[in-house]
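# Structural features, examined
Below, each chain spelled out in residue letters.
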Amino acid sequence: MTREDTIRVIGVITAAYPNSDKFRDEKLIRSMVTVWSDMFSEDDAGLVALAVKEHISTSKWPPSIAEIREIMVRI
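Scope of this entry: the structure provided in the associated data block.

## Examining the packing of helix 1 (residues 3–16) against helix 3 (residues 45–58)
In a packed pair of helices, the relevant descriptors are the angle between the two axes and the axis-to-axis distance. Two numbers describe how helix 1 lies on helix 3: the axes approach to 10 Å, and their chain directions differ by 5 degrees. If you check the angle between helix 1 and helix 3, you find them roughly parallel. Of helix 3, the residues touching helix 1 (which contributes Asp5, Val9, Val12, Ile13 and Ala16) are Ala45, Ala49, Val52 and Ile56.

Shown next, in the form of structure tokens:
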């Protein structure tokens, strides 16, 4: 997954969880992009995006990297 892919995925997460305090600070969002970009650098962007969508449809809270990885394994 490229950095641009990561920015799109984080954008989806921030839009899906607008009340989360995590996404009120631009510095935190940039940090999240950096970490997620690194952690998913060798993964298929489509698979990550699919896992994020599944998480969004079943959870009230923003996902962690570990949660997305668990969903990716199930998919």
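## Points about the side chain of Asp5
Looking at the secondary structure, you find Asp5 in helix 1. Side chain to side chain, Asp5 and Thr2 meet in a polar contact 3.0 Å long.

## Notes on the side chain of His55
Locating His55 in the fold gives a position in helix 3. Residue classification places His55 among the buried positions, given a relative accessible area of 4%. Once residues lying within four places of it in the same chain are set aside, the contact partners of His55 are Tyr17, Trp61, Pro62, Pro63, Glu67, Ile68 and Ile71.

## Overview of the pattern of salt bridges
Scanning the entire structure with this criterion turns up five salt bridges. With its nearest N and O atoms 3.1 Å apart, the salt bridge here joins Arg24 to Asp21. Look at Arg24 and you get exposed, because its relative accessible area is 59%. One salt bridge in this structure joins Arg30 and Glu26, with 2.3 Å as the shortest N-O distance. Taken together, the residues span about one helical turn, with Arg30 and Glu26 both in helix 2 (residues 26–39) at a distance of four residues.

How each quantity is defined
- Residues numbered from 1 in each chain as written.
- Predicted model: local features only at pLDDT ≥ 70, side-chain atom pairs only at ≥ 80, totals over all residues.
- Heavy atoms only, no water.
- Axes fitted to C-alpha atoms, helices over the stretch in contact; angles between N-to-C directions.
- Helix = DSSP H or I, 4+ residues; strand = E, 2+ residues; numbered from the N terminus.
- Parallel < 35°, antiparallel > 145°, perpendicular 65-115°, else oblique.
- Contact = heavy atoms within 4.5 Å.
- Polar contact = N/O pair within 3.5 Å; in protein donor to acceptor, adjacent residues only side chain to side chain.
- Buried < 20%, exposed > 50% of the residue type's maximum accessible area, 1.4 Å probe, protein only.
- Salt bridge = Lys/Arg side-chain N within 4 Å of Asp/Glu carboxyl O.

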